[in-house]
Every structure is written in C-alpha cells, then in structure tokens.
Amino acid sequence: MDDDGVARFEALYRETYDQIAAYAARRSDSPQDAADVVAETFTIAWRRVAELPPGHEARLWLYGVARKVLADHRRSTVRQRLHSVALDAEMADLYADSPDSGIELSMISTVFRSLSDDDRELLSLVAWEGLGREEIATMLGLSRNAVRIRLYRARKRFSRALDEAGVPFTAKSRPIPAGRSL
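The notes below deal with the structure included here. What you see is a predicted model, and the numbers here were worked out from it, not measured in a lab.

**Some words on the overall build of the chain**
Item 1. Of the regular secondary structure elements, the chain holds 8 helices and 0 strands.
Item 2. Its helices and strands in sequence order give the chain the pattern α-α-α-α-α-α-α-α, from N to C terminus.
Item 3. In the chain, which comprises 182 residues, the proportion classed as buried is 36%.
Item 4. Residue pairs in contact within the chain that sit at least 24 positions apart in sequence constitute 69% of those at least 6 positions apart.
Item 5. Working note: accessible area of the chain is about 10,900 Å², and carbon and sulfur atoms make up 51% of it.

Next up, the structure:
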C-alpha cells in the first residue's frame, strides 16, 4: 500500500472511529461484540482503502460496511437479542428524570423492539445516528425517495403500535435531535 493510502485510511479512522463505534455499540449485545464489529469494519476499510469513496461518502460507506458486519455477526450468534440492556439503561438515564416526560420508557422500548428489523434500523439511523434521508439512501444503496417512503411507513407503524399499547404521545415528549425529524 502506498503512503497516500495509509494517510487516507488514518484520516478516515480518526474522523469516523467514534461514530462507527457508537453505531456498533447501539446494535450489539455487549461491548465486546461492538468492539469486534468495529475492528472488522476498519479491517475491511484497510484492505479496501483503494476502493473508498471520496470525502463524506467514505463515512457512509463505513456505515454500510458496519451494517453488513453486524448482520454477519448476528447470524453467527446462537442467541439473538434485539437490544442490549446497556441501551435500555442509557435511554432510562437520558430520559427518566425529565420532569415533563410522562412516557413509560419500558413500554416504548417494548413497542420499538416489536417493530421489524428494517423499521428499527431506519428509525435508529435518524434518531440515534442523526443521519438525513440522503445519507441513509447512500448508506443503504437506495434512492432518496425510497428512504422517504420507507421512513414514513416505519414512523406510521411505530406510532400505531404506540397508540395500540396505550402510550401517550405528544410533541413535547419527542426526544429528537434538533434539526432532525423522526
């Protein structure tokens, strides 16, 4: 590998490590599993550094690689769990003390876990990773319009499931990053 490839990989690693690690941690059953996913993702990036897309696209490419590594990891795991206890604890820590939050977090978590893998992934990419439709489209290899439609349907299914579970939903109780819509 030439010096330009090494420098490009090192820059990409520095710029994206935290994002890819957070992505893997939110979707893995343990910190060790997340570490394995991150290591494999960057190993693939190292081997394929000549194929990395330019600029911002490289980060989205890494998300795509991490997604595939996670899928492989889940298939090889005997037991599959949808979410780690750590994520539930993190959500409880983040939102439990909110004075205007009358939402039952365990019910929301249960409803979220009942969604299909595809719906959970789309909603998570928006809410947790802070990605926009165009970025998700690039990451998943879909058109922006396909992402818009799928996201709309995922939101509707989540909203309907929350209604059926009796979880009250108001605009004030919506913990979404500024500038993003779930």
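**Some thoughts on the packing of helix α3 (residues 57-76) against helix α7 (residues 133-140)**
Item 1. At their nearest, the axes of α3 and α7 sit 8 Å apart, and the two run at 55° to each other. Between α3 and α7, the crossing angle belongs to the class labelled oblique. As α3 runs across α7, the sense of the crossing is right-handed. Here α3 contributes Glu57, Arg59, Leu60, Tyr63, Gly64 and Arg67 to the contact with α7, which in turn contributes Glu135, Thr138, Met139 and Leu140.
Item 2. For the contact of α3 with α7, the class distribution of residues is 4 nonpolar, 2 polar and 4 charged.

**Quick look at the packing of aromatic side chains**
Item 1. Tallying each qualifying case throughout the model produces 9 aromatic pairs.
Item 2. For the ring pair Phe9 and Trp46, a centre distance of 5.1 Å and an interplane angle of 80° mean the geometry is edge-to-face. With Phe9 in helix α1 (residues 3-27) and Trp46 in helix α2 (residues 31-47), this residue pair connects regions lying 37 residues apart in the sequence.
Item 3. Overall, the relative accessible area of 11% leaves Phe9 in the buried class.
Item 4. A residue is classified by how much of its surface remains accessible, and Trp46, at 38% relative accessible area, is partly exposed.
Item 5. With 4.8 Å between their ring centres and 70° between their planes, Tyr13 and Phe42 make a pair best called edge-to-face. Taken together, the positions of Tyr13 in helix α1 and Phe42 in helix α2 put the pair 29 residues apart, joining distant regions of the chain.
Item 6. Taking relative accessible area as the criterion, Phe42 reaches 6% and is therefore assigned buried.
Item 7. The rings of Phe9, Tyr13, Tyr17, Phe42 and Trp46 are connected pair by pair, giving a single aromatic cluster.

So, how was this worked out
- Residues numbered from 1 in each chain as written.
- Predicted model: local features only at pLDDT ≥ 70, side-chain atom pairs only at ≥ 80, totals over all residues.
- Heavy atoms only, no water.
- Helix = DSSP H or I, 4+ residues; strand = E, 2+ residues; numbered from the N terminus.
- Buried < 20%, exposed > 50% of the residue type's maximum accessible area, 1.4 Å probe, protein only.
- Contact = heavy atoms within 4.5 Å.
- Areas by Shrake-Rupley, 256 points an atom, 1.4 Å probe, with all protein chains shown as cover.
- Axes fitted to C-alpha atoms, helices over the stretch in contact; angles between N-to-C directions.
- Parallel < 35°, antiparallel > 145°, perpendicular 65-115°, else oblique.
- Left-handed = near helix turned anticlockwise from the far one by under 90°.
- Nonpolar A, V, L, I, M, F, W, Y, C, P; charged D, E, K, R; others polar.
- Phe/Tyr/Trp six-rings, centres within 6.5 Å; stacked < 30°, edge-to-face > 60°.

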